[in-house]
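Each chain is listed here by its residues.
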Amino acid sequence: EILMTQSPATLSVSPGERVTLSCRASQNIKNDLAWYQQKPGRAPRLLIYGASTRATGIPVRFSGSGSGTEFTLTISSLQSDDFAVYYCHQYNHWPPLTFGGGTKVEIK
Amino acid sequence: QVRLVESGGGVVQPGGSQRLSCAASGLVFWKYGMHWVRQAPGKGLEWVAFIRYDGSDKFYADSVKGRFTISRDSPKNTLYLQMDSLTPDDTAIYYCAKDLSAFGNYEPVDFDYRGQGALVTVSS
């Protein structure tokens, strides 16, 4: 099973700031990495897949990078709508599919 | 637009059974692999089960293997999860999700982010 580790667990930021979230895989997953945003009471929303491809309708301020075992989600200028929990997910080696533990982005 | 609407949640006693359903619309259902993913209260996401687009393969998380059964009725655009021998550790919101692309092999899970899932509470 591939273990996905996200850091930090919580990030306190102000609107307009640049945000960088990290995700590490326990094995090489090439670029089979997705990022999700989840708001309270809702299912997760797919933001990025293939490590760097934005999903349909996702604003350009969201970008993903990395390959192998180290990945990053960047929000170039945090908007009020972006305060949420973010998860990474690997789909290279499965079953099982695995998710990271999440990073909560909260208002500073 | 794709909608995935879960139903069948509720309170069930330990050792009991529950069947979840997921009604899919806005997609050609029979072309997509489908998943169940759960989230315990205040916790992260845990993949539960997958069924290939044609039903030829089914995979399960070790935590549910032998107790849960995933199935689909493609003419009815519906996905199911039969859950038996439930324990309190199975308490969670259960989300139905699809492969991002049709006929995929290595695809990310794609949720209906407007959905709220089905809450299953296992408690006496």
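The following paragraphs examine the structure supplied in this document. (Residues numbered from 1 in each chain as written. Chains lettered and ligands numbered in written order. Predicted model: local features only at pLDDT ≥ 70, side-chain atom pairs only at ≥ 80, totals over all residues. Heavy atoms only, no water.)

**With respect to the overall build of chain A**
To be explicit about the condition: A run of H or I in DSSP counts as a helix once it spans at least four residues, and a run of E counts as a strand once it spans at least two, with each numbered from the N terminus. Radius of gyration: over C-alpha atoms. The globule rule applied is 2.2 Å multiplied by the number of residues raised to the 0.38 power. Exposure categories follow from relative accessible area, calculated using a 1.4 Å probe and restricted to protein chains: below 20% of the type maximum is buried, above 50% is exposed, and the middle band is partly exposed. Throughout, a contact is declared for two residues whenever any of their heavy atoms are within 4.5 Å. Each accessible area is a Shrake-Rupley estimate made with a 1.4 Å probe; only the visible protein chains count as cover when residues are assessed. For the purpose of charge, His is not counted, nor are the chain termini; Lys and Arg are scored as positive and Asp and Glu as negative. Positions of charges follow a simple convention, taking NZ of Lys, CZ of Arg, CG of Asp or CD of Glu.
Counting its secondary structure elements, chain A contains 0 helices and 11 strands. For chain A, the α and β elements follow one another from N to C terminus as β-β-β-β-β-β-β-β-β-β-β. A compact globule built from 108 residues should have a C-alpha radius of gyration of about 13 Å, and chain A, at 13 Å, falls within 12% of that. Once the C-alpha set of chain A is aligned to its principal axes, its extents read approximately 35 × 25 × 25 Å. Within the span of chain A, comprising 108 residues, buried residues form 47% of the whole. Of all intrachain contacts in chain A linking residues separated by at least 6 positions in sequence, the fraction that spans at least 24 positions is 57%. Accessible surface, chain A: about 4800 Å² in total, of which carbon and sulfur atoms supply 46%. Counting 10 positive and 7 negative side-chain charges, chain A places the averaged centre of each group 5 Å from the other.

**Side note on the pairing of strand 4 (residues 34-39) of chain B**
All names here are of chain B. Spelled out, the test is: Strands are treated as partners if at least two bridges between them are detected by DSSP.
Among the 6 residues in strand 4, 6 count as buried, and that is most of the element. Both faces of strand 4 are covered, namely the face carrying M34, W36 and R38 and the face carrying H35, V37 and Q39. Here strand 4 runs beside strand 9 (residues 92-99); their pairing, made up of 6 bridges, is antiparallel. Counterpart to Q39 in the pairing with strand 9 is I93.

**Some remarks on the pattern of salt bridges**
Residues and elements named next belong to chain B. Our working definition: Salt-bridge detection follows one rule: a side-chain nitrogen of Lys or Arg within 4 Å of a carboxyl oxygen of Asp or Glu.
One pass over the full model with this rule turns up 11 salt bridges over all chains. In this structure, the salt-bridge partner of R52 is D57, at a minimum N-O distance of 2.7 Å. On the basis of relative accessibility, which here comes to 28%, the residue D57 falls in the partly exposed class. As a salt-bridge pair, D62 and K65 come within 3.1 Å of each other at their nearest N and O atoms. For the pair D62 and K65, a shared accessibility class is recorded, and that class is exposed.

**Section: the interface of chain B and chain A**
Let me state the cut-off plainly: Summed over both partners, the accessible surface that disappears when two parts come together, traced with a 1.4 Å probe, is what is meant by buried area. Distance and chemistry together define a polar contact, namely a pair of N or O atoms within 3.5 Å, with one atom able to donate a hydrogen and the other to accept it when in protein, and with adjacent residues in sequence counting only for side-chain atoms on both sides. Residues are grouped as follows: Ala, Val, Leu, Ile, Met, Phe, Trp, Tyr, Cys and Pro are nonpolar; Asp, Glu, Lys and Arg are charged; all remaining types, including Gly, are polar.
The interface of chain B with chain A comprises 23 residues on the first partner and 19 residues on the second. Both sides of the chain B and chain A interface together cover about 2000 Å² of buried area, and 68% of this is carbon and sulfur. Broken down residue by residue, the surface that chain B buries against chain A is led by B:L45, B:W47 and B:Y113, which jointly contribute 31%. Inspection of the region where chain B meets chain A yields 0 salt bridges. Where chain B meets chain A, there are 7 residue pairs in polar contact (both at pLDDT 80 or more). Broken down by secondary-structure element, the contributors of at least two residues to the side of chain B that touches chain A are strand 4, strand 5 (45-51) and strand 10 (109-111) of chain B. In the side of chain B that touches chain A, the residues fall into 12 nonpolar, 6 polar and 5 charged.

**Focus: the nonpolar core**
Put simply, the rule is: By nonpolar core is meant a set of buried Ala, Val, Leu, Ile, Met, Phe, Trp, Tyr and Cys residues that side-chain atoms within 4.5 Å join together.
Among the nonpolar cores identified, the biggest contains 71 residues, and A:W35, A:Y86, B:W36, B:L79, B:L81, B:Y94 and B:F111 are the most heavily contacted of them. The element that contributes the greatest number of residues to this core is strand 5 of chain B, accounting for 6 residues.

**Regarding the sheet that holds strand 8 (residues 78-83) of chain B**
Strand pairing in a sheet takes place through backbone hydrogen bonds and is either antiparallel or parallel in direction. All names here are of chain B. The line we're drawing: As a rule, the C-alpha atoms of each element are fitted with a line to give its axis, helices using only the stretch in contact, and angles between N-to-C directions run from 0 to 180 degrees.
The strand order 1-3-8-7 describes an open sheet built from 4 strands, whose pairing is antiparallel. Unpaired on one side and paired on the other, strand 1 (3-7) and strand 7 (68-73) mark the two borders of the sheet. Strand-to-strand, the axes of this sheet are offset by a mean angle of 15°, without reference to chain direction.

**Observations regarding a nonpolar patch on the surface**
Threshold: Patch criteria: residues need more than 30% relative accessible area and no salt bridge. Like-charged residues are merged within 9 Å; nonpolar side chains of Val, Leu, Ile, Met, Phe, Trp and Tyr are merged within 5 Å.
Side chains of B:V28, B:W30 and B:F103 sit close together on the surface and give an oily, nonpolar patch of about 300 Å² of accessible area. Among the secondary structure elements, B:V28 is positioned in the loop between strand 3 (18-25) and strand 4.

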